[in-house]
Amino acid sequence: MAEVSTNALLPETFQGTAADIAGQIGLMWELIKAPLIVPLLRVAIYICLPMELMLFIERLYMGIVIILVKLFLKKPDKRYKWEPMREDLEIGNSGFPMVLVQIPMFNEKEVYKVSIGAACNLSWPSDRLVIQVLDDSTDLLIKDLVEKECLRWAGKGIDIRYQIRESRGGYKAGALKEGLKRDYVKDCEYVVIFDADFRPEPDFLRRAIPFLVHNSEIALVQGRWRFVNSNECLLTRMQEMSLDYHFTVEQEVGSSTHAFFGFNGTGGVWRIAAINEAGGWKDRTTVEDMDLAVRASLKGWKFLYLGDLQVKSELPSTFKAFRFQQHRWSCGPANLFRKMVMEIVRNKRVNIWKKFYVIYSFFFVRKIIAHMVTFFFFCVVLPLSLLVPEVEIPVWAAIYIPCIITILNSVGTPRSIHLLFYWILFENVMAFHRTKATFIGLLEAKRANEWVVTEKLGDALKNKDKTKPTKKPRGSLFGDRILPQELGFAAFLFFCGCYDVLYGKSQYFLYIFLQVITFTIAGFGYIGTIIPS
């Protein structure tokens, strides 16, 4: 048989050598680079640089204000009237206001006992306290366990009510709204909300309620979250760094300067009259807590943040749970901004400076610009600029300002300062998810109202060695563990880094390759705790 020619097996278009193909691709790149890529990249840089400066000015402002607050501002119990609640020999406990404790739950098998027990152990007269467990669980076994736990505490003399609904309409907002409609709530003046993984100290109410009792203008007293599992893995350490900055700086500055900040959804005490005046709970976004806070603020109510009023809670320790949480926390504020910006502008009960703070600082810079500039500038524009030497990014924008912003962000968690560089890389990965969610919220796209309850593991991990691991179903590997979008960005950044090594004059490839590693680790799901299915 005659030897078959290689050319006969390949179409003519593929008969060129690898060098020829690379040359053709290079020629096509040169043809489109000057008329298309260079102008587009310059426009992107001109957009990103002002955004970065806005974020820098915001962080610098917050840093200066928090220093002034710590040095010169009086403590909350000196700025507002505060007197401890005491029993009166003549009138007994009637001097204590009626307080409602709401604990919304959804299939919380691992943590329901801890949260119910902590609420039942609050130091407050039992005849002036009503505990309401709002159980939206779909698992009948878990519902039964929660109900039995409530009955157990009721047998000890605690006024605890187990409430269920026919449907999960409105999710958490719907449950809280339904809970306030109960007849036994009409005598309650205040409501404190604890998510299922929150564990308040016994003196929580005795420290928070007096601010509301003695200061009629205050609608909300917010406590600070502390995390019982922050040392569980690197993922929880990264979250602790971000959230500690939020509480130490953002909440403190908002409370001290404008008496406004976003309610964190749990660990806070509301005046029920303020909730009603603001229009009650609404489920139009996935951030019902922020929605209520903004509406109450527009009615003239003030908020108070107490940094030393701490509540223990749990951070999501699996990457999947964290991604869903961040989607909700990024999509919701953007969607709320879209729906409320004109309402804030037209409001006549608050001054122009507070309006500016809420619209520009609270929403636009922190909830929109921060995500977008982090992703587009550092994960798209900067790497692309390595392929286009005609476009230069100023050193101050690529290095100096990001370093200052990062240092300012680190003040909340000094113990993790050695993890700062990895935190930057991790935040860049998460900026991709947050930016995508922000656009979904702004455009009110398909997933705008997606609500996935954050998974809590409680003590499950402590017992994981005692439990025989089961094999994961094959279908759950792709999508849960292997994430194509992260791996795609890793490939793109790897190409940009290699090009910079071969042809570039900058040293940005050092950062690029480290970012490649972080995207790759995330892409294969090796972030956070991996538990047996």
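Calculation criteria
- Residues numbered from 1 in each chain as written.
- Predicted model: local features only at pLDDT ≥ 70, side-chain atom pairs only at ≥ 80, totals over all residues.
- Heavy atoms only, no water.
- UniProt positions renumbered as here; feature names shortened; annotations may be inferred.
- Pairing = 2+ DSSP bridges.
- Helix = DSSP H or I, 4+ residues; strand = E, 2+ residues; numbered from the N terminus.
- Contact = heavy atoms within 4.5 Å.
- Axes fitted to C-alpha atoms, helices over the stretch in contact; angles between N-to-C directions.
- Buried < 20%, exposed > 50% of the residue type's maximum accessible area, 1.4 Å probe, protein only.
- Polar contact = N/O pair within 3.5 Å; in protein donor to acceptor, adjacent residues only side chain to side chain.
- 1 Å grid on protein atoms, 1.4 Å probe; cavity = no way out; pocket = protein on both sides within 12 Å on 5 of 7 lines; lining within 4 Å.
- Points joined across faces, edges and corners; volume = space filled by probe spheres on them.
- Nonpolar A, V, L, I, M, F, W, Y, C, P; charged D, E, K, R; others polar.
- Core = buried A, V, L, I, M, F, W, Y, C linked by side-chain atoms within 4.5 Å.
- Salt bridge = Lys/Arg side-chain N within 4 Å of Asp/Glu carboxyl O.

The chain has the name glucomannan 4-beta-mannosyltransferase in an unreviewed UniProt entry, where Nicotiana sylvestris is given as its organism. Annotation of the chain in UniProt includes, under Sequence similarities (unreviewed entry), the sentence "Belongs to the glycosyltransferase 2 family. Plant cellulose synthase-like A subfamily." In its Subcellular location (unreviewed entry) section, the UniProt entry covering the chain states "Golgi apparatus membrane".

Enquirer: What am I meant to see in the sheet that holds strand E8 (residues 302–313) here?
Expert: Sheet strands associate in pairs through backbone hydrogen bonding, adopting either a parallel or an antiparallel arrangement. Taken together, the 8 strands give an open sheet; going across it, the order is E3-E2-E1-E4-E7-E6-E8-E5, and neighbouring strands pair in mixed fashion. The outermost strands of the open sheet, each flanked by one partner alone, are strand E3 (160–164) and strand E5 (199–200). Summarising the sheet, strand E4 (residues 190–193) and strand E7 (residues 268–271) pair through 4 bridges and their orientation is antiparallel. By the bridge assignment for E7, Ile-193 is matched with Gly-268. Each of strand E1 (99–105), strand E2 (129–135), E3 and E5 touches helix H4 (residues 112–120); the most contacted strand, E1, lies at about 180° to it. Docked against the sheet, helix H8 (residues 234–257) engages strand E6 (218–227) and E8, running at close to 155° with respect to E6.

Enquirer: I tried to follow the side chain of Thr-248 on my own but got confused; where do I start?
Expert: Inspection of the secondary structure assignment puts Thr-248 in helix H8. With a relative accessible area of 19%, Thr-248 lands in the buried category. A distance of 3.3 Å separates a polar atom in the side chain of Thr-248 from a polar atom in the side chain of Arg-224. A polar side-chain atom of Thr-248 sits 2.7 Å from the main-chain carbonyl oxygen of Asp-244.

Enquirer: Looking at this structure, how should I read empty space enclosed by the protein?
Expert: Unoccupied space between atoms shows up once a probe the size of one water molecule is rolled over them. Overall, the coordinates contain 2 cavities of 30 Å³ or more when judged by the stated rule. For the largest cavity, the calculated volume is near 50 Å³. Together, Leu-134, Asp-135, Asp-136, Gln-163, Ile-164, Arg-165, Ala-175, Glu-178, Gly-179 and Arg-182 line the largest cavity. Listed by contribution, the elements that provide at least two residues to the lining of the largest cavity are E2, E3 and helix H6 (171–180). The dominant element in the lining of the largest cavity, judged by the number of residues it contributes, is H6, at 3 residues. Looking at the lining of the largest cavity residue by residue, the class counts come to 3 nonpolar, 2 polar and 5 charged.

Enquirer: Is there a simple way to explain the nonpolar core in this structure?
Expert: Looking at soluble globular proteins, one finds that nonpolar side chains tend to be buried together. If you look at the biggest cluster of nonpolar residues, it comprises 149 residues, and the most contacted ones within it are Ile-116, Trp-270 and Phe-303. Sorting elements by how many residues they give to this core places helix H12 (residues 352–385) first, with 18 residues. Setting aside residues no more than four positions away along its own chain, Ile-116 makes contact with Ile-103, Met-105, Val-133, Val-146, Glu-149, Cys-150, Trp-153 and Ile-160.

Enquirer: How do you make sense of the pattern of salt bridges when you look at a structure like this?
Expert: Oppositely charged side chains may form a pair once their charged atoms are brought near each other. Scanning the model with the defined rule gives 20 salt bridges in all. For the salt bridge of Lys-70 with Glu-252, the shortest nitrogen-to-oxygen distance reads 3.9 Å. Taken as a pair, Lys-70 in helix H2 (residues 18–72) and Glu-252 in helix H8 lie far apart in primary sequence, 182 residues in all. One salt bridge in this structure joins Arg-165 and Asp-136, with 2.6 Å as the shortest N-O distance. A residue pair is termed long-range when its members are at least 10 positions apart, and Arg-165 in the loop between E3 and H6 and Asp-136 in the loop between E2 and helix H5 (140–154) qualify at 29 residues. Accessibility assignment for this pair places Arg-165 and Asp-136 in one class, buried. When salt bridges with common partners are traced through the structure, they connect Arg-237, Glu-240 and Arg-415 into a single cluster.

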